[in-house]
Amino acid sequence: MSGPETIRAIIVDDEKLARQYLVELLRQHPQVEVLAECKNGFEAVKAVSDTLPDLLFLDIQMPKLNGFEVLELLEHPLAVVFVTAYDEYAVKAFDAHAVDYLLKPFSTERLAEAIEKVQRNLKQPRLPGPELKEAARAADDYQKRIVVRDGTSVVIIRDDDIDFIQAEDDYVSIHKRDKSWLKHQTLASLETAMDPQRFVRIHRSVIVNVERIARIEPYTKDRYLAILKDDTRLPISRSGHKRIKSILS
Amino acid sequence: MQRSFTRRARTAYFLAWLPMAALLSVVLSLRGLPWVEALSLGVGLCLPYALVCGSSYFMARAMPLKSVRLLQVLTSLVSASALAGALWAGTAYSIAQMLPEAAAGRLIGQLWVLFGLGVAYFVLSLVYHYLILALEETRRVEISEQEARVLTREAELRALKFQVNPHFLFNSLNAIAALTTSEPEQARRMCQLLSSFLRTSLRLGDQGAVTLKEELDLVRSYLDVELVRFSDRLTIEEKVQENCLNLMIPPLLLQPLIENAVKHGIGTLQESGTITLNVSRDNNRLCISVGNPLDPDEPAQPGSGRGLQIVGERLGAFYGKDARIVIDKNRRHFRIDLKIPVEED
């Protein structure tokens, strides 16, 4: 172990001047190598897959994907430093295992401190998990969309486009008309994140968009089927039937 | 107002003694006194007694009826009435001593009547003063309620007043920090633009109403700052009818709408976008319309709803039901139309 290791970093911010400021201040830290500058969440997800960096400087409010959604889509463990003008996300950011949280405009000293923390953390980089999404959510503010990877690109599915979500082992498959996407997440975490008046867990393995239900039919004793408007048939468990009945009535 | 009410009540009190004196005279004359004697006794006895009964005002004030010791209060009131009646009869007795014998005999025969009427008059006076005090109290409560309402309204309006969005401020300062080394000239200009915006918003915020021209100047100075931050991502299309410029509007009405359009519109777009601002006049209505593109993937932002709600509440506070807000929104576009009554300078 001689000398500081190189930290390979990506900067994500939609404002050019903000990226420029960070790049300029990072010149005083030659051990940090800036691999890419991204101006939105899509570019960030792609750049991380392409270059596998150690560190992400991440803004929160950005076009397309916000900072938390970007983390949700990463499959590569890295250190995250949020850089934002919003101080209200700090708690959520640390819940999301952020290494540090810089408030704009930050000082050179503050940046040096953050880089020191990153260096200490570099030994055990963590993969920010899907629990992030819950951390990023205010109590009464339900998740309004789901972001998923589709090959190399990112797809944003708005909640009103979702027909139903099905659990498949460690994944969930999100169905929108004749398409579906797999995402590494638990059905339970989605259930708590989405508006319970509109998305109801009707079965151990199914969450349905209430608006899509055409009718409910008895199947066997105690068992029912939800028939969607496109004729998809979904199983309803006994407790699921209670839940859906109380929502529909 | 309070004072004049009390004065009117006092005048009414003394005027009420005229029929009381008349009543006494009639009673005395019915009981056989010659009418000259009855009248002069009626007036002569009632005049000082009006003052004595006036003391019931202070009793009423000192002993409110809602007090827990109601029995005690009633006992004192009854004794006071009896005492006053006795005093009156006693006065009549002393007067009788100074009268010729026949008249004195006639008067002394009426002492019980005088005592009874004296008690009744005192009780009436007590009732009157309790009523006056109760009325005064309700008026006082009403007035303080009204004052409280006005104060709350003012506080609400203050709270609804524009506040500089701190994120806008921090992001602008960050932009200045970035520019200081790379483009010092531009950094200096940005400082000036930001100061000019802040100064104008502070000045306008203190006024009850501003001309549309003043508000547009504020909007432009705000956009000047945002143009530095967003550079080619942001374009503005502005159409303002000349004959609207001198119309009066609530201050800082338009600026938050433009800020919304930048933050929730342009700020969510990957590409560049155009904000449209149209101001026109249609007879007695001023029409202000702000439009911006939206990213189709962007869910409704919780913050923007609150901002529009504040605009709605402010319009309600200024114009009551005469102002209208229409929102036209789809996945790719957002437009808000305000129609407000014209208030000419």
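About the cut-offs
- Residues numbered from 1 in each chain as written.
- Chains lettered and ligands numbered in written order.
- Predicted model: local features only at pLDDT ≥ 70, side-chain atom pairs only at ≥ 80, totals over all residues.
- Heavy atoms only, no water.
- Helix = DSSP H or I, 4+ residues; strand = E, 2+ residues; numbered from the N terminus.
- Buried < 20%, exposed > 50% of the residue type's maximum accessible area, 1.4 Å probe, protein only.
- Areas by Shrake-Rupley, 256 points an atom, 1.4 Å probe, with all protein chains shown as cover.
- Patch = residues over 30% accessible without salt bridge, like charges linked within 9 Å, V, L, I, M, F, W, Y side chains within 5 Å.
- Salt bridge = Lys/Arg side-chain N within 4 Å of Asp/Glu carboxyl O.
- Phe/Tyr/Trp six-rings, centres within 6.5 Å; stacked < 30°, edge-to-face > 60°.
- Axes fitted to C-alpha atoms, helices over the stretch in contact; angles between N-to-C directions.
- Parallel < 35°, antiparallel > 145°, perpendicular 65-115°, else oblique.
- Left-handed = near helix turned anticlockwise from the far one by under 90°.
- Contact = heavy atoms within 4.5 Å.
- Nonpolar A, V, L, I, M, F, W, Y, C, P; charged D, E, K, R; others polar.
- Buried area = accessible area lost by both parts, 1.4 Å probe.
- Polar contact = N/O pair within 3.5 Å; in protein donor to acceptor, adjacent residues only side chain to side chain.
- Pairing = 2+ DSSP bridges.
- Arc of directions from axis to C-beta.
- pLDDT = per-residue confidence, 0-100.
- Expected span 1.5 Å × (residues − 1).

Q: What's the story with the overall build of chain A in this structure? I'm lost.
A: Helices and strands together make up the secondary structure of chain A, namely eight helices and 15 strands. Taking all 249 residues of chain A together, 53% fall into the buried category. For chain A, the exposed area adds up to about 11,800 Å²; of that, 48% sits on carbon and sulfur atoms.

Q: I would appreciate a short explanation of a nonpolar patch on the surface in the present structure.
A: All names here are of chain B. The grouping of W35, V36, L39 and V43 at the surface amounts to a nonpolar patch, some 430 Å² of accessible area in total. Residue placement: W35 occurs in helix α2 (residues 35-54). Taking the relative accessible area as the measure of exposure, W35 reaches 63% and is therefore exposed.

Q: Can you walk me through the packing of aromatic side chains in this structure?
A: When we look at a pair of aromatic rings, we describe it by the centre distance and by the angle of the planes. What the rule picks out here adds up to 19 aromatic pairs over all chains. Between F68 of chain A and F82 of chain A the ring centres are 5.2 Å apart and the planes differ by 40°, which places this aromatic pair in the tilted class. Linking F68 of chain A in helix α3 (residues 67-72) with F82 of chain A in strand β4 (residues 79-84), this pair joins segments that are 14 residues apart in sequence. Residue class for F82 of chain A comes out buried when judged on its relative accessible area of 0%. Between W88 of chain B and Y121 of chain B the ring centres are 5.8 Å apart and the planes differ by 40°, which places this aromatic pair in the tilted class. You can see W88 of chain B sitting in helix α4 (residues 70-98) and its partner Y121 of chain B sitting in helix α6 (residues 111-160), a full 33 residues away along the chain. Comparing W88 of chain B with Y121 of chain B, the two get one shared label, buried. Here the aromatic cluster, defined as three or more aromatic residues joined through ring pairs, consists of Y13, F14, W17, Y49, W88, Y121 and Y128 of chain B.

Q: Looking at this structure, I do not really get the packing of α2 of chain B against α4 of chain B. What am I missing?
A: Packed helices, taken two at a time, are described by the angle between their axes plus the distance between the axes. Residues and elements named next belong to chain B. Look at α2 against α4: their axes get within 11 Å of each other, and the N-to-C directions meet at 150°. When the interaxial angle is binned, α2 and α4 end up roughly antiparallel. In the crossing of α2 with α4, the sense of the turn from one axis to the other is right-handed. Of α4, the residues touching α2 (which contributes L45, C46, Y49 and V52) are A84, G85, L87, W88, A92 and I95. Taken together, the residues of the contact of α2 with α4 break down into nine nonpolar, one polar and no charged.

Q: Please explain the interface of chain B and chain A as it appears in this structure.
A: Frequently, the measure chosen for interface size is the accessible area that the parts lose on association. Facing the 27 residues of chain B at the interface are 25 residues of chain A. With both sides pooled, the region where chain B packs onto chain A buries about 2,500 Å², and carbon together with sulfur makes up 47% of that total. Three residues, N174, Q270 and D297 of chain B, lead the burial of chain B against chain A; their summed loss comes to 25% of the area buried on that side. Connecting chain B to chain A are six salt bridges. Linking chain B with chain A are eleven residue pairs in polar contact (both at pLDDT 80 or more), by the criterion used here.

Q: How do you make sense of the sheet that holds strand β8 (residues 164-168) of chain A when you look at a structure like this?
A: Consider a sheet: its strands pair through backbone hydrogen bonds, and that pairing is either parallel or antiparallel. Residues and elements named next belong to chain A. Ordered by their spatial adjacency, five strands build an open sheet running β10-β9-β8-β12-β11, and the pairing between neighbours is antiparallel. Two strands close off the open sheet at either side, each with one partner strand: β10 (179-184) and β11 (199-203). Going across the sheet, the axis of each strand differs from the next one's by a mean of 25°, ignoring polarity. As judged from the six bridges shared by strand β9 (residues 171-176) and β10, these two strands associate in the antiparallel manner. From the neighbouring strand, I174 faces β10, where its bridge partner is W181.

Q: Can you help me understand helix α8 (residues 238-248) of chain A in this one?
A: Structural remark: α-helix, 3.6 residues per turn; residues separated by three or four positions point the same way. Residue and element names in this part refer to chain A. When we look at burial in α8, the residues that qualify are G240, H241 and I244. Summarising the axial view, the buried residues of α8 lie within an arc of 100°, below the 170-degree limit, and thus occupy one face. Facing away from the buried side of α8, by more than 90 degrees, are the exposed residues R238, K242, K245 and S246. For α8, the secondary structure elements touched by its buried residues are β11, β13 (213-220), β14 (223-228) and β15 (233-236).

Q: Mind showing me how you'd approach the confidence of the model for chain B here?
A: Regions with low pLDDT carry predicted coordinates that are not meant to be interpreted in detail. With 93% of its residues at a pLDDT of 70 or more, chain B shows a mean pLDDT of 87. Under the prediction, the complex receives an ipTM of 0.78, its pTM being 0.67.

Q: Explanation requested: α2 of chain B in the structure shown.
A: A rise of 1.5 Å per residue sets the reference length of α2 of chain B, with its 20 residues, at 28 Å; its end C-alpha atoms lie 28 Å apart and thus fit the reference within 8%. When α2 of chain B is considered as a whole, its buried residues turn out to be E37, A38, L41, G42, L45, C46, Y49, A50, C53 and G54 of chain B.

Q: Explain the pairing of strand β6 (residues 324-329) of chain B here, please?
A: As a general feature of sheets, a regular strand has side chains that alternate between the two faces. Pairing analysis gives six bridges linking β6 of chain B to strand β7 (residues 333-341) of chain B, with the strands arranged antiparallel. Its bridge partner being in β7 of chain B, D328 of chain B is matched across the sheet by R335 of chain B.

Q: Help me understand the pattern of salt bridges in this model?
A: Residues and elements named next belong to chain B. The full count for this structure, using the stated rule, is 31 salt bridges over all chains. Here E185 ties to R188 by a salt bridge, and the two come within 3.6 Å at their closest N and O atoms. On the criterion of helical spacing, the pair formed by E185 and R188 is a turn pair, its members being three residues apart in helix α8 (residues 184-205). Given the relative accessible area of 56%, E185 is considered exposed. One salt bridge connects D217 with R220, and the closest N-O pair in it is separated by 3.4 Å. Remark: R220 and D217 occur in helix α9 (residues 212-230); sequence separation between them is three residues, near one turn of the helix. On the basis of relative accessible area, R220 is assigned to the partly exposed category, the value being 34%.

Q: What should I look at first to understand the sheet that holds β14 of chain A in this one?
A: All names here are of chain A. Strand order in the open sheet formed by three strands is β13-β14-β15, and the pairing between neighbours is antiparallel. Lying at the two open borders of the sheet, with one neighbouring strand each, are β13 and β15. The mean angle between the axes of side-by-side strands here comes to 30°, regardless of whether they run parallel or antiparallel. Pairing between β13 and β14: six bridges, direction antiparallel. If you follow P218 over to β14, its bridge partner there is Y224.

Q: Looking at this model, I keep getting lost on the environment of Y319 of chain B. Mind explaining?
A: Residue and element names in this part refer to chain B. Relative to the helices and strands, Y319 resides in helix α11 (residues 302-319). The exposure class assigned to Y319 is buried, which follows from its relative accessible area of 9%. Once the C-alpha coordinates of Y319 and P250 are considered, the two residues, 69 residues apart in sequence, prove to be 9.8 Å apart.

Q: Explanation requested: unusual backbone geometry in the structure shown.
A: With the exception of glycine, most residues fall at negative phi, and the peptide bonds are largely trans. Residue and element names in this part refer to chain A. For the bond from K104 to P105, the omega torsion is -10°, close enough to zero to count as cis. Locating P105 in the fold gives a position in the loop between β5 (100-103) and α5 (108-121). Positive phi, close to 65°, is recorded for K64, a residue that is not glycine. Locating K64 in the fold gives a position in the loop between β3 (55-58) and α3. Although it is not a glycine, D231 sits at a positive phi angle of roughly 75°. For D231, a relative accessible area of 55% gives the class exposed.

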